[in-house]
Amino acid sequence: MLAVRKKKISLWVISVMMLSAILLLFVPSVEGAQRKGTEASTNTNVVTAAKIAPKGFYAKWEMDVGGARGCSSLCWEYFYFINDKQVATTFPDGGIDALHCSKDKCLTYQIKGNKLTLSNGKSYTFKIKSATELEINGGKFIKYTPSTGLKLQGKYESFSYSSNVLGTGYASSITYVFNKDGTFVDSSFVGVTTDGSSTGDNSGASTSVGSESKASGTYQIVNYTLSLTYKDGKTKKLLFFLPEQPSPKMLRIGGRDFLLADGNAAKPQPPEPPYTDFLTTKKIAKKQVLFTFKPNKSDQYDNIKITLQGYQWAKLTIEPAYVKSFQGFSDKEIVALTAKYRVDNTSAQTVKVSSLQATLDLPDSKATVKAANGLTPTVKDELKAGESVESMLVILVPAEHFEKNKDFKLWFGPLLNLKGQDVFQEEWLNFNIWKKL
């Protein structure tokens, strides 16, 4: 693929002044809107719906990339509009049906214009899109109905991974086998825990498990509650709904998400360990891995090909001894992009790998960030005809730029031959870098 010509733009150089002699671092469908015999227009639907106070259970989810937020795999937000005055955003053990405003902390709310205000002081932009969808602070909240009488059949699995700022990981899995006759078997495993509770968002019951446990019994689904009765007499009541209504391929039970193990659903996996650049091997910083992706995609100019094998985003916690070396970032958090790539030289000339530069565009500005020198192992410099070499790069990005952008573009160039000529002729090679899928 012929690369797009790289325009000369202002270069934002991040200064990373380190005292270590090893490193060379630089600055761096709406029911109320239907008329008799005809269907109202979409706009009419929305207007009519807006006159109806929201009622019922609404929720939305976001991916928990790398377990950084401590959710099981998806992070959920809830709004349960109990009536035209009260709302709940969190639930006691047992979920929605266990909620009693006489003893639990229900909130009162007001909707004025396009603003939702809660009695806890929080306010949100608000819009009723339809009878089954709300837009709250720009997020899409779907109305979920009860599943009373539902009988399940199959094996459902939940895999969880969370991490803290020090990089410690907590892995767990829970498997339920449900049968149409109302019986079930569960098997739970927790790799490392701090309190012995299931990972959740305080929206359902905390399920205590040992290192391994197997039990069986009967189950019943009423409203938004899954009731489990074990053979030893123990009982559990957990929040329950179908995130993909009416499909039972995914279940929300307590604070976890379960997928039907039918061979087609992909299982969430714990994130890979941090890439071994000098930030980790030289103990300059601890990494909290946010996302790892292996595109294994190539871009080529003439007979020089670069393959982006994989890249990883990670939040950094700089070790005290090196804090002064990262003063170019002020007091802001730093996110590191570490990438693995391969250079293949099938041309007739020798190229100098050390001359190859890598820069990352910052979407909301005209600036780019250069890869930091000295944070990755050195590789063979002179790459002769027919040879290839694998290398790494590290680019340091202020967290504020990482958080407000969805994707970036990584550029490679120039690349010089032994005569100092740019073999790319300013046709720099490039790759899309995603923050998450």
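Trainee: What's the story with the side chain of S158 in this structure? I'm lost.
Mentor: As for its placement among the helices and strands, S158 is situated in strand 11 (residues 154-163). Note on S158: relative accessible area 1%, which makes it buried. In this structure the side chain of S158 is engaged in a polar contact, spanning 2.9 Å, whose partner is the side chain of R256. Of note is the side chain of S158, whose polar atom sits 3.1 Å from the backbone oxygen of D257.

Trainee: So what exactly am I meant to see when it comes to the nonpolar core here?
Mentor: Side chains of a nonpolar character, in soluble globular proteins, are inclined to be buried together. By size, the foremost hydrophobic cluster in this structure holds 36 residues, and its most contacted members are I306, W313, L360, F412, F424 and I433. At the level of elements, strand 19 (285-293), strand 21 (304-318), strand 22 (334-345), strand 24 (358-361), strand 27 (388-398), helix 3 (399-404), strand 28 (407-412) and strand 30 (429-434) are the ones that each hand at least two residues to this core. Among all residues touching I306, those that are not within four sequence positions of it are K297, S298, D299, Y341, R342, V343, L356, F412, F424, L429 and F431.

Trainee: Quick question: what am I supposed to make of the pairing of strand 10 (residues 139-143) here?
Mentor: By the bridge criterion, two bridges tie strand 3 (residues 56-63) to strand 10 in an arrangement that is antiparallel. Bridging from a neighbouring strand, Y58 pairs with K143 of strand 10. The sheet contact formed by strand 9 (residues 133-136) and strand 10 spans four bridges and is antiparallel. Looking at the pairing, I136 lines up with G139 of strand 10.

Trainee: Got a minute to help me understand the pairing of strand 27 in this structure?
Mentor: Successive residues of a regular strand alternate their side chains across the two faces of the sheet. Across the eleven residues that make up strand 27, a large majority, nine, are buried. In this structure, strand 22 lies alongside strand 27, joined through eleven bridges in antiparallel fashion. In the strand pairing of strand 27, K340 is matched with M392.

Trainee: Looking at this structure, I do not really get unusual backbone geometry. What am I missing?
Mentor: Leaving glycine out, the prevailing phi sign among residues is negative, and the prevailing peptide bond configuration is trans. A cis amide bond, omega 0 degrees, links Q245 with the succeeding residue P246. The topology assignment puts P246 in the loop between strand 16 (235-241) and strand 17 (250-253). With omega at -5 degrees, the peptide bond leading from G413 into P414 counts as cis. Positionally, P414 belongs in the loop between strand 28 and strand 29 (416-417).

Trainee: What is the right way to look at the pattern of salt bridges in this model?
Mentor: Should the charged atoms of two oppositely charged side chains come close, the side chains can pair. Applying the stated criterion to the full structure yields eleven salt bridges. If you follow the salt bridges from partner to partner, you end up with K60, E62 and E77 in one network.

Rules used in this analysis
- Residues numbered from 1 in each chain as written.
- Predicted model: local features only at pLDDT ≥ 70, side-chain atom pairs only at ≥ 80, totals over all residues.
- Heavy atoms only, no water.
- Helix = DSSP H or I, 4+ residues; strand = E, 2+ residues; numbered from the N terminus.
- Buried < 20%, exposed > 50% of the residue type's maximum accessible area, 1.4 Å probe, protein only.
- Polar contact = N/O pair within 3.5 Å; in protein donor to acceptor, adjacent residues only side chain to side chain.
- Core = buried A, V, L, I, M, F, W, Y, C linked by side-chain atoms within 4.5 Å.
- Contact = heavy atoms within 4.5 Å.
- Pairing = 2+ DSSP bridges.
- Salt bridge = Lys/Arg side-chain N within 4 Å of Asp/Glu carboxyl O.

None of the figures reported here should be taken as evidence of function without further support.
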